[in-house]
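Descriptive analysis of the structure
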Amino acid sequence: MTMRCQALLGTFVEITIDQESDKAINQAFTAIGQVQNLMSFYDPLSELNQINRWAHQVSLVVHPWTAEIIQIAQEIYRQSNGLFNCGIGHRLVSAGLLPRHIDLSPYELGGIEDIHLIDPQTLRASKPLCLDLGGIAKGFAVDKAVESLIASGIKSGCVNAGGDLRVFGAPRSIQIRNPSLPNQLIDIGALQNGAIATSGLYFSNRDQEQSHIINPFAQDESEAYLHFSGSCSVLASKCVYADALTKVLALSGTHDHACFDHFSAKAIRIAA
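Reading across the sheet, the seven strands line up as S1-S2-S6-S7-S10-S11-S12 and stay open at both edges, with antiparallel pairing between neighbours. Looking at which strands have only one partner, the edges of the open sheet turn out to be strand S1 (2-8) and strand S12 (266-270). Taking the axes of each pair of neighbouring strands and ignoring which way they run, one obtains an average angle of 10 degrees across the sheet. Of the strand pairs in this sheet, strand S10 (residues 194-200) and strand S11 (residues 231-236) are connected by six bridges, and their pairing is antiparallel. What sits directly across from Ala-197, in S11, is Val-234. Across the sheet, helix H1 (residues 22-39) touches S1, strand S2 (11-17) and strand S6 (157-161), and the angle it forms with S1 is around 20 degrees. Its contacts with the sheet put helix H5 (residues 137-151) on S2, S6 and strand S7 (164-168), and the angle it makes with S7 is roughly 25 degrees.

So, in structure tokens, the structure goes:
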């Protein structure tokens, strides 16, 4: 067994495989780093911020992974009836949770639905955008790392990015933070060939920070930030879906939203 950990995606990413292969793990971390470089809101030169700055003015040729995640985000937007929308970066900027790279005040901003793919790697936006992929990119990066490991011949392993994780091969026991006591873990059983992600505000509530879960339908900024005390977890085949659907669970407040069935996902809420 080989296990390595690196600081990426604003958290600690741990990769565990049931073989000895530093090369395979290095390539998986490289894939995660590439997602970070493409999609980081914090990096003013990232491809994401180039989309935010220019896509409403000119057509942009983007990396295949950027086009892929936008298409996934648009599918989740449609299936969730708009509950999941990455076009809420300005709300997080206003709350001081993301840096202010450009002046957004003159614009009426659009959302993920306002991006149009002209061809598989060329896009343009019909409205100015302030996209933030923080609600989906971590899961996407986990999936890319798993794809890299499998392509390297690894038969069994786990990629865990701050609690957003995917398991392949042999089953592994899974724990979720206790939202009442975040330093404690709750064992929820074993997972095989699947992913789980969790969203919670326990650390934000503890540190008296603004919520990072945004209601995309809020007209007034005071109503935009969702507050809750428990945790929302989603099990899915891929981590990109698990990651994004935790926000749908938190915002809808229901286990039986139609999009969970569409993505063959299962919802878990733990009360604080």
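Moving on, we come to the environment of Val-35. Inspection of the secondary structure puts Val-35 in helix H1. The spatial distance from the C-alpha of Val-35 to the C-alpha of Thr-66 is 8.4 Å, given a sequence separation of 31 residues. Setting aside chain neighbours within four positions, we find Val-35 in contact with Ser-40, Trp-65, Ala-137, Phe-140, Ala-141 and Lys-144.

Our focus in this paragraph is the nonpolar core. Core analysis: the largest hydrophobic core is formed by 81 residues, its most contacted members being Ile-15, Ile-136 and Leu-245. The greatest single-element share of this core, amounting to ten residues, is contributed by helix H7 (residues 239-252). Those residues in contact with Ile-15 that sit more than four places away from it in its chain are Thr-2, Met-3, Arg-4, Ile-25, Ala-28, Phe-29, Ile-32, Leu-149, Cys-158 and Val-159. Membership of the second largest hydrophobic core comes to eight residues, among which are Val-167, Ile-174, Ile-176 and Ile-270.

The subject of this paragraph is the side chain of Thr-16. Relative to the elements of secondary structure, Thr-16 occurs in strand S2. For Thr-16, the contacting residues outside a window of four places in its chain are Met-1, Thr-2, Met-3, Ser-156, Gly-157, Cys-158 and Arg-172.

The subject of this paragraph is the packing of aromatic side chains. For the coordinates displayed, the defined rule picks out two aromatic pairs. Each ring, one from Trp-65 and one from Phe-140, has its centre 6.4 Å from the other, and the planes form 80 degrees; the classification is edge-to-face. Taken together, the residues Trp-65 in helix H3 (residues 64-79) and Phe-140 in helix H5 connect sequence positions 75 residues apart. Judged by centre distance (4.9 Å) and plane angle (25 degrees), the ring pair of Tyr-241 and Phe-263 falls under stacked. Taken together, the residues span a long stretch of sequence, with Tyr-241 in helix H7 and Phe-263 in the loop between helix H8 (258-262) and S12 at a distance of 22 residues. A residue is classified by how much of its surface remains accessible, and Tyr-241, at 16% relative accessible area, is buried. Classification of Phe-263 by relative accessible area gives buried; the value is 8%.

The strand order S3-S5-S4 describes an open sheet built from three strands, whose pairing is antiparallel. Both outer strands of the open sheet, strand S3 (60-61) and strand S4 (115-119), are each paired with one neighbouring strand and no more. Alignment of S3 against strand S5 (residues 122-125), held across two bridges, turns out to be antiparallel. Of the residues in S5, the one forming a bridge with Val-61 is Thr-122.

The rules behind these values
- Residues numbered from 1 in each chain as written.
- Predicted model: local features only at pLDDT ≥ 70, side-chain atom pairs only at ≥ 80, totals over all residues.
- Heavy atoms only, no water.
- Pairing = 2+ DSSP bridges.
- Helix = DSSP H or I, 4+ residues; strand = E, 2+ residues; numbered from the N terminus.
- Axes fitted to C-alpha atoms, helices over the stretch in contact; angles between N-to-C directions.
- Contact = heavy atoms within 4.5 Å.
- Core = buried A, V, L, I, M, F, W, Y, C linked by side-chain atoms within 4.5 Å.
- Buried < 20%, exposed > 50% of the residue type's maximum accessible area, 1.4 Å probe, protein only.
- Phe/Tyr/Trp six-rings, centres within 6.5 Å; stacked < 30°, edge-to-face > 60°.

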